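These are the residues of each chain, in order.
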Amino acid sequence: YFLPVDLTTAINDAARGKVRAWSINPIRWCFPGISREQEIFYTVLSIVGVLTLIGLALLFIYLKKTESKGRSSGNGTTT
């Protein structure tokens, strides 16, 4: 059993001379009935999510480094 979208994609790829190991976008595994616009939306959403995680990781690294500098720059006296 082949989905019409998979068959159409395979025929179009074969016409262009493309060979793919994966015949379907991973997003289509979870949502087989979505349109092309929705697929683009989910792809953009995934990219934004990854960028958010990278930004948070960089923020934590920055905060950790500034915390270390703050502790090491003190002269050891307490008030």
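In this text, all values refer to a predicted model and were calculated from it rather than measured experimentally. (Residues numbered from 1 in each chain as written. Predicted model: local features only at pLDDT ≥ 70, side-chain atom pairs only at ≥ 80, totals over all residues. Heavy atoms only, no water.)

Trainee: Explain a nonpolar patch on the surface here, please?
Mentor: A surface patch of nonpolar side chains, about 570 Å² in accessible area, is lined by Ile47, Val50, Leu51, Ile54, Leu58 and Ile61. Inspection of the secondary structure puts leucine 51 in helix α3 (residues 36–73). (Patch = residues over 30% accessible without salt bridge, like charges linked within 9 Å, V, L, I, M, F, W, Y side chains within 5 Å. Areas by Shrake-Rupley, 256 points an atom, 1.4 Å probe, with all protein chains shown as cover. Salt bridge = Lys/Arg side-chain N within 4 Å of Asp/Glu carboxyl O. Helix = DSSP H or I, 4+ residues; strand = E, 2+ residues; numbered from the N terminus.)

Trainee: Where do I start with the environment of threonine 66 in this structure?
Mentor: With respect to the secondary-structure elements, threonine 66 resides in helix α3. Taking relative accessible area as the criterion, threonine 66 reaches 33% and is therefore assigned partly exposed. Looking at threonine 66, its side chain comes within polar contact range of the main-chain oxygen of leucine 63, at 3.0 Å. (Buried < 20%, exposed > 50% of the residue type's maximum accessible area, 1.4 Å probe, protein only. Polar contact = N/O pair within 3.5 Å; in protein donor to acceptor, adjacent residues only side chain to side chain.)

Trainee: It is not clear to me how helix α1 (residues 4–16) should be interpreted in this structure. Could you clarify?
Mentor: For an α-helix the count is 3.6 residues per turn, leaving residues at separations of three or four pointing the same way. When the terminal C-alpha atoms of α1 are compared, their 18 Å separation across 13 residues agrees well with the 18 Å that a helix rising 1.5 Å per residue should span. Downstream of α1 by one or two residues, glycine 17 has phi in the positive range, about 80°. (Expected span 1.5 Å × (residues − 1).)

Trainee: I tried to follow the pattern of salt bridges on my own but got confused; where do I start?
Mentor: Think of it this way: side chains of opposite charge can pair up when their charged atoms draw near. Within this structure, the stated rule accounts for two salt bridges. Of the charged contacts, one joins glutamate 67 and lysine 64 as a salt bridge, the two residues approaching to 3.9 Å between their closest N and O atoms. Of the two residues, glutamate 67 and lysine 64 both sit in helix α3, three residues apart, roughly one turn of that helix.

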